[in-house]
Amino acid sequence: MNPEMSPSSEVRLVGMHCTACGAMAYPFQAVCPICMAEDEVAEADMPTTGTVYAYSTVHAAPKKWRLPYTIGYVDLSNGVRVFSHLDPKGLGVGAAVYASTGIVSGEAVEEPRTQLVFKAVGDAK
Amino acid sequence: MTTGVSVVGAGMVPFGKFPERSLADLAWPAVKQALNDAGIDPRRVQAAFCGTAFGGMMSGQRILGRIGLTGIPITNMENACSASSTALHHAVSSVRSGQYDVVLVIGVEKLTKFGGGTLPLEEEDWEVSNGMVMPALYAMRAQRYMHEFGLTDRQLALVSVKNRRHGLLNPDAQMRKETTVEEVLASRPIAEPLTLLQCCPAGDGAAALIICSDKVAPQFRTDPVRILASDLTSGKYTPGFRDLTTPEITRRGAAEAWEHAGIGPDAVDLAEVHDAFSIAELIYYEAFDFCARGEAGAFLEQGHSTFGGKVVVNPSGGLLAKGHPIGATGAAQAVEVVRQLRGEAGERQVEGARIGLSHATGGGIAGFDHGACSIHIYAR
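In what follows, the accompanying structure is described.

Basis of the calculations
- Residues numbered from 1 in each chain as written.
- Chains lettered and ligands numbered in written order.
- Predicted model: local features only at pLDDT ≥ 70, side-chain atom pairs only at ≥ 80, totals over all residues.
- Heavy atoms only, no water.
- Contact = heavy atoms within 4.5 Å.
- Buried area = accessible area lost by both parts, 1.4 Å probe.
- Salt bridge = Lys/Arg side-chain N within 4 Å of Asp/Glu carboxyl O.
- Polar contact = N/O pair within 3.5 Å; in protein donor to acceptor, adjacent residues only side chain to side chain.
- Helix = DSSP H or I, 4+ residues; strand = E, 2+ residues; numbered from the N terminus.
- Nonpolar A, V, L, I, M, F, W, Y, C, P; charged D, E, K, R; others polar.
- 1 Å grid on protein atoms, 1.4 Å probe; cavity = no way out; pocket = protein on both sides within 12 Å on 5 of 7 lines; lining within 4 Å.
- Points joined across faces, edges and corners; volume = space filled by probe spheres on them.
- Domains from an automatic or database assignment.

Listed by partner, the interface residues are 34 residues for chain A and 29 residues for chain B. Between chain A and chain B, a total of about 2600 Å² is buried, with carbon and sulfur atoms accounting for 57% of that surface. Per-residue buried area on chain A facing chain B is highest for A:Tyr53, A:Tyr73 and A:Phe83; these three make up 24% of the total on that side. The shortest N-O distance in the salt bridge between B:Glu123 and A:Lys64 comes to 3.4 Å. Our count for the chain A to chain B interface comes out at 16 residue pairs in polar contact (both at pLDDT 80 or more). Mapped onto the side of chain A that touches chain B, the elements with two or more residues apiece are strand S2 (24–25), strand S4 (49–58), strand S5 (69–76) and strand S6 (81–86) of chain A. Of the residues forming the side of chain A that touches chain B, the biggest block, 7 residues, is contributed by S4(A). Residue composition of the side of chain A that touches chain B, by class: 22 nonpolar, 8 polar and 4 charged.

Take a look at the structure:
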């Protein structure tokens, strides 16, 4: 487990809400991918918990990543699917997860950035 | 007014690793082979469509410049792994509409220029910039399919075993060595649950086809292979939930192709489908209705998708064994179908083959099942 990963209650998932057609998406984008609206599109906080649809631990990838790493799809209660890194601890299909952060990029990146990492709810503490 | 369209020439170079060869020098031998196969005067070719994903600017001109086949409209087409099946689709459309009588299709790729590793995807894409690689996308399909339908590791590995066995019989295949379920499962993990031998190899290759109207086909060959359907579609973007266990784009494309061809899955003798990873072939059995939902593992295990079965899937060895120089794949699948329908497939001949199908999908971007899918159905 990467020691950099720590639970955080301050993670926000800023997505898009289109008041013209009701569509929601993550991450935010300035035009609605369903109805092309621009003026009716606003930033919206997504739920920060969800369930794991599928995931994979990756052993071959471009150099910027620290191998192995785990990525997957998290389904939120508002119908939005989020692609994200995941902490493999306690993970399974259908597992409840919450949004946290971690550093997953490797030494090839000069300034490794903290980014979104979902963790299994049972492993919160 | 539309006309019937046939393939009268097919050629390809054996797939493999040829880092010392330029893209142009990889491809022109395939073009000459297709021209010779059709017995056609090169001056009869009115237009060329060249599919490649990473070939770079003017790939078609660079290839045809080598052999003096220039001064005609040459269109280069990029659609990821369905680049040359997209080129084939547009070539067929141009003939069907009466614009041309004779056109050339080229598919080409040189992946060794990247020096190995996973396919370089577009970093501008949200998922790619956050760590998505092609094996992981298919690995998630596999995981979810196993979760929902009880597919086993062994059944998954059996796809590679079958296609390696087929590839052994194909002189143009990159991987010509049999393997076992144990060996597949023991190979190193790439994206769990997929292991190395469940991933198509990176390589180089080229394939070419001569497509013509029914009006002129008898001038070249007595055994033209008729194209009954030529379908191209894109995926439907969704920011929400998608079912990774069934390929929406292929299912939709297949329905359109069956309708155009006027036949159904029962009529197909052989199918070259996009088995970039083991799980993909299983999902496509179901998308083409060769078997019911959730039954792909058993369908494979019972031998229904190999020689002597209901439909021989990937007699060439498929992407897993023949190789997957991505832009070359669609054209190479068509070459295999043509050879099978003519009875020229040697040791891997599907006995009495009358109807064939080819299917290539291109992906690697967020929000789509796949970005592109092209399906062709052929008859002798």
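Residues and elements named next belong to chain B. Taken as a whole, the largest pocket spans an internal volume of roughly 710 Å³. Around the largest pocket sit 34 residues that line it, and Gly117, Cys199, Cys200, Pro201 and Ala202 are the ones nearest its centre. With 3 residues, helix H5 (residues 134–149) is the largest single contributor of residues to the lining of the largest pocket. In the lining of the largest pocket, the residues fall into 21 nonpolar, 10 polar and 3 charged. Counting contributing residues, the lining of the largest pocket receives three or more from each of domain 1 (5–115 + 204–225) and domain 2 (132–201 + 226–379). Along the wall of the second largest pocket there are 18 residues; nearest its centre are Glu78, Asn79, Ala80, Gly363 and Ile365. Looking at the lining of the second largest pocket, its residues break down into 11 nonpolar, 5 polar and 2 charged. Three or more residues apiece are contributed to the lining of the second largest pocket by two domains, here domain 1 (5–115 + 204–225) and domain 2 (132–201 + 226–379).

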